[in-house]
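Each chain, written out:
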Amino acid sequence: GKHVEILDAKTREKLCFLDKVEPHATIAEIKNLFTKTQGKSLKDEDVLQKLPVGTTATLYFRDLGAQISWVTVFLTEYAGPLFIYLLFYFRVPFIYGHKYDFTSSRHTVVHLACICHSFHYVKRLLETLFVHRFSHGTMPLRNIFKNCTYYWGFAAWMAYYINHPLYTPPTYGAQQVKLALAIFVICQLGNFSIHMALRDLRPAGSKTRKIPYPTKNPFTWLFLLVSCPNYTYEVGSWIGFAIMTQCLPVALFSLVGFTQMTIWAKGKHRSYLKEFRDYPPLRMPIIPFLL
């Protein structure tokens, strides 16, 4: 067998020495031999025999702090906004003043906005449970606080204004609402289509990466022009929601979301270009021909 010594990545002190480890041992098995500390640079599937090591393999472990599963993260991030928005929609006491407790808005657009907002987050929750495959099992616990502050805070801010007793419907009335609803629905369908296409690209359990291409579904044809159409559709949904509600906090939420998703899309685009020589040259990260 091989000898494996495990050192602390910061201090370089020897944490333990594993004697006679099977050459076929995967990194996951070695991690299990050495408590449950997460080693990030080596993937769980890496086989010891194939790593560039002599008879003694030295592994460095870095303590990444408390970790939490991605599914837990997303369920917390998305269940929050769903619930918070509804508190404002139903005007629970202590939000708008006593005489408005549990009253209902007389504007159709307010009810429609609630349906759209709720639909969006229910869709996300269901996708997290049944569609997404997560390549990394966990993320640092502190990230969840940051993300929840963002999602929950914005949900409360938007909901406060949209469901406010003094809320006024958009300038161009029903026409504006219908147009905005169409944008929202199309983008939600598009976003879902892209998530399904990406899931079908990678069979369960495999980690092989492939270039995503358009399928028979017209919503996936955006893959001809952008690397991350799921983000394009996501931003589109929120722009639709902003037009529908004509509400400044929604516009800001769209802008912040767009900024973050552009960063993610550029990163993904770069990794595609690095990994695949034949990557379609026409594609941009998030906005066709522009960005």
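The coordinates are above.
Criteria and thresholds
- Residues numbered from 1 in each chain as written.
- Predicted model: local features only at pLDDT ≥ 70, side-chain atom pairs only at ≥ 80, totals over all residues.
- Heavy atoms only, no water.
- Axes fitted to C-alpha atoms, helices over the stretch in contact; angles between N-to-C directions.
- Helix = DSSP H or I, 4+ residues; strand = E, 2+ residues; numbered from the N terminus.
- Parallel < 35°, antiparallel > 145°, perpendicular 65-115°, else oblique.
- Contact = heavy atoms within 4.5 Å.
- Nonpolar A, V, L, I, M, F, W, Y, C, P; charged D, E, K, R; others polar.
- Core = buried A, V, L, I, M, F, W, Y, C linked by side-chain atoms within 4.5 Å.
- Buried < 20%, exposed > 50% of the residue type's maximum accessible area, 1.4 Å probe, protein only.
- Domains from an automatic or database assignment.
- Phe/Tyr/Trp six-rings, centres within 6.5 Å; stacked < 30°, edge-to-face > 60°.
- Lys NZ or Arg CZ within 6 Å of the ring centre and 35° of its normal.

(A) Looking closely at the packing of helix 3 (residues 108-130) against helix 5 (residues 173-201). The geometry of helix 3 relative to helix 5 is characterised by a closest axis approach of 12 Å and an angle of 0° between their N-to-C directions. Classed by the angle they form, the pair helix 3 and helix 5 counts as roughly parallel. From helix 3, Val-109, Leu-112, Cys-116, Phe-119, His-120, Lys-123, Glu-127 and Phe-130 reach across to helix 5, where they touch Val-177, Leu-181, Phe-184, Gln-188, Asn-191, Phe-192, His-195 and Arg-199. In the contact of helix 3 with helix 5, the residues fall into nine nonpolar, four polar and three charged.

(B) Spotlight on the nonpolar core. Formed by 32 residues in total, the largest nonpolar core has its most connected members in Tyr-85, Tyr-121, Ile-162, Phe-241, Met-244, Val-250 and Phe-253. Mapped onto this core, the elements with two or more residues apiece are helix 2 (70-89), helix 3, helix 4 (141-162), helix 5, helix 6 (229-245) and helix 7 (248-275). Residues from two domains meet in this core; each of domain 2 (66-168) and domain 3 (170-290) gives at least three. In this structure Ile-162 touches Tyr-85, Val-110, Ala-113, Tyr-167, Phe-241, Thr-245, Cys-247 and Val-250, once residues within four positions along its chain are discounted.

(C) Local environment of the packing of aromatic side chains. This model, assessed by the stated rule, comprises 22 aromatic pairs. Plain terms: the ring middles of Tyr-89 and Phe-90 are 5.1 Å apart, the flat faces sit at 75° to each other, and that makes the pair edge-to-face. For Phe-90, a relative accessible area of 47% translates into the label partly exposed. Through pairs of rings, three or more aromatic residues link up here, namely Trp-70, Phe-74, Tyr-78, Tyr-121, Tyr-150, Tyr-151, Phe-154, Trp-157, Phe-184, Trp-238, Phe-241 and Phe-253. Here the guanidinium or amino end of Arg-283 rests over the ring plane of Tyr-213, the centre of that ring lying 5.3 Å away.

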